[in-house]
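# Tertiary structure, described
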Amino acid sequence: MSKKSSIYRNLKRVKMAEKFANARQKQKDIIHNPNATPEEKIEAQFKLQSFPKNSAQIRVRNRCKLTGRARGNYRKFGLCRNKLRELAGFGEIPGLKKSSW
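By convention here, each chain's residues receive numbers from 1 onward along its written sequence. Owing to the predicted nature of the model, reporting of local features is limited to residues with pLDDT of at least 70; listing and counting of side-chain atom pairs is limited to 80 or more, with chain, interface and lining totals taken over all residues. Water and hydrogen atoms were dropped before computing side-chain values, which therefore reflect all heavy atoms in the structure.

### Things to note about the overall build of the chain
Helix and strand counts for the chain come out as three helices and two strands. Helices (α) and strands (β) of the chain occur, in sequence order from the N terminus, as α-α-β-β-α. The C-alpha atoms of the chain give 20 Å as radius of gyration, which overshoots the globular expectation for 101 residues (13 Å, by more than 25%). On the principal axes, the C-alpha backbone points of the chain span a range of 65 × 30 × 15 Å. Under the scheme applied here, a residue whose accessible area is under 20% of the maximum for its type counts as buried, over 50% as exposed, and between as partly exposed, the area being computed with a 1.4 Å probe on protein chains only. Counting all 101 residues of the chain, 26% fall into the buried class. Throughout, a residue-residue contact means that at least one pair of heavy atoms, one from each residue, lies within 4.5 Å. Taking the intrachain contacts of the chain between residues at least 6 apart in sequence as the baseline, contacts between residues at least 24 apart amount to 37%. Counted as positive: Lys and Arg. Counted as negative: Asp and Glu, with His and the chain ends omitted from the count. Charge positions are represented by NZ for Lys, CZ for Arg, CG for Asp and CD for Glu. Across the chain, the centroid of the 26 positively charged side chains sits 14 Å from that of the 7 negatively charged ones. Going along the chain from the N terminus, every DSSP run of H or I of four or more residues is numbered as a helix, and every run of E of two or more is numbered as a strand. The globule rule used here is 2.2 Å times the number of residues to the 0.38 power, and the radius of gyration it is set against is calculated over C-alpha atoms.

### Observations concerning the pattern of salt bridges
The salt bridge criterion pairs a side-chain nitrogen of Lys or Arg with a carboxyl oxygen of Asp or Glu, the two atoms within 4 Å. Tallied over the entire structure, the rule returns two salt bridges. Residues K47 and E43 are paired through a salt bridge, measuring 3.5 Å at the closest nitrogen-oxygen approach. Placement of both K47 and E43 in helix 2 (residues 38-50) is noted, with a separation of four residues, approximately one turn of the helix. Classification of K47 as partly exposed rests on a relative accessible area of 39%. Two residues, K83 and E86, come together in a salt bridge whose shortest N-O distance is 3.5 Å. Note that K83 and E86 are positioned in helix 3 (residues 81-90) at a spacing of three residues, about one turn of the helix.

### What about the side chain of R24?
Note on placement: R24 falls in helix 1 (residues 4-32). Despite its burial, R24 pairs with no opposite charge; the closest candidate is D29, at 11 Å N-O. The contacts of R24, once residues within four sequence positions are left out, are L48, F51, P52, S55 and A56.

### A closer look at the packing of helix 1 against helix 2
For helices, the fitted axis covers only the stretch in contact; all axes are lines through C-alpha atoms, and the angles between them, taken along N-to-C directions, range from 0 to 180 degrees. The geometry of helix 1 relative to helix 2 is characterised by a closest axis approach of 8 Å and an angle of 150° between their N-to-C directions. One element, helix 1, and the other, helix 2, form an angle in the roughly antiparallel class. You can see that helix 1 and helix 2 cross each other, and the crossing is left-handed. Contacts between helix 1 and helix 2 involve R24, Q27, K28, I30 and I31 from the former and E40, K41, A44, Q45, K47 and L48 from the latter. Just so you know the grouping, Ala, Val, Leu, Ile, Met, Phe, Trp, Tyr, Cys and Pro go in nonpolar, Asp, Glu, Lys and Arg go in charged, and all remaining residues, Gly too, go in polar. For the contact of helix 1 with helix 2, the class distribution of residues is four nonpolar, two polar and five charged. These descriptions rest on fixed angle ranges, namely under 35 degrees for roughly parallel, over 145 for roughly antiparallel, 65 to 115 for roughly perpendicular, and the rest for oblique. Each helix crossing is assigned a hand: it is left-handed if the near helix lies turned anticlockwise from the far helix by less than a right angle, otherwise right-handed if that turn is clockwise.

### Side note on the state of the cysteines
Such a bond, covalent and formed between the sulfur atoms of two cysteines, is termed a disulfide. Cysteine sulfur atoms are paired as a disulfide whenever they come within 2.5 Å of each other. A complete count under the given rule lists zero disulfides for this structure. Not engaged in a disulfide, the cysteine C80 finds its nearest cysteine sulfur in C64; these two sulfurs lie 3.7 Å apart.

So this is what it looks like as structure tokens:
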């Protein structure tokens, strides 16, 4: 189980990333637009830098939904490898079963 502070910090980052996603994307579109003038691009870069650091999607960490573990996560299930194996063994994940031969 991860520290509660790490889990809540990540949740705060998720909310902030969702809040600023459209505004950040608009500035990125201006920067990557080949028809934009250099002055517009520089202004867009300054605006992009003025956003909070935690508003960037790259700062959001994938964590297990049950334990908050940051490593060994499967995106498809939203679980870490330990819990995935445990729940699959009990047959609690639809369409997934532990193989044996």
